[in-house]
Amino acid sequence: LLREPGAAEPAEPAEPVPGLDQLEELICSFADAGLQVTRKVTGQVRPLPEAVELTAYRVIQESLTNTRKHAGCDTAVVRLGYTPGALSLAVEDEGEPVTRSSRQTPGRHGIVGMRERVAALGGRLSAGPRPEGGYRVFAELPLRATRAESP
């Protein structure tokens, strides 16, 4: 949509598409900013479709950004669960109790954007306070082809 008619396709993307193979670098960047992130993985780690990799990376990135900016704590946990039909991920913190002015501030589009990314893959996303305190973002990304991708 952004190219002029007749323009050639680029040989390679300008930048590599981020995915879960770059998660360690992302976690380290948050450690440099004072947020200690623990990663926990269940299931068999394997290559995933590029769209799932990118969406998972972006949801984790946005969730950790929100934790760093709004939680008032210095730790978070990223959980990845590989199953045959889906990738589930959760980002949890033990931050301050959520108020309307903290993580739900009008005009902020992070959670809306995450929800849209996940829905585009046929997945689901929930975000909100945890009963024991803190905040949790959970996403489930299906690995099967959606109708638009099916032959």
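Before reading on, note that the structure itself is shown above.
Residues numbered from 1 in each chain as written. Predicted model: local features only at pLDDT ≥ 70, side-chain atom pairs only at ≥ 80, totals over all residues. Heavy atoms only, no water.

**Student:** What is the right way to look at the pattern of salt bridges in this model?
**Tutor:** The final tally for this structure, using the stated rule, is six salt bridges. One salt bridge connects arginine 39 with glutamate 24, and the closest N-O pair in it is separated by 2.7 Å. On the criterion of sequence distance, the pair formed by arginine 39 in strand S1 (residues 36-42) and glutamate 24 in helix H1 (residues 23-32) is long-range, its members being 15 residues apart. Take glutamate 24: its relative accessible area is 39%, and that puts it in the partly exposed class. Put simply, arginine 130 and glutamate 92 hold a salt bridge, and the shortest N to O gap is 3.7 Å. Linking arginine 130 in the loop between strand S4 (124-129) and strand S5 (135-142) with glutamate 92 in strand S3 (residues 86-93), this pair joins segments that are 38 residues apart in sequence. Overall, the relative accessible area of 14% leaves arginine 130 in the buried class. (Salt bridge = Lys/Arg side-chain N within 4 Å of Asp/Glu carboxyl O. Helix = DSSP H or I, 4+ residues; strand = E, 2+ residues; numbered from the N terminus. Buried < 20%, exposed > 50% of the residue type's maximum accessible area, 1.4 Å probe, protein only.)

**Student:** Honestly, the side chain of arginine 130 in this entry has me stumped. Any pointers?
**Tutor:** In this structure the side chain of arginine 130 is engaged in a polar contact, spanning 3.3 Å, whose partner is the backbone oxygen of aspartate 93. Within the structure, the side chain of arginine 130 is placed 2.9 Å from the backbone oxygen of glycine 133, a separation counted as a polar contact. Once you skip the residues sitting within four places of it in the chain, arginine 130 turns out to touch Glu92, Asp93, Glu94, Tyr135 and Arg136. (Polar contact = N/O pair within 3.5 Å; in protein donor to acceptor, adjacent residues only side chain to side chain. Contact = heavy atoms within 4.5 Å.)

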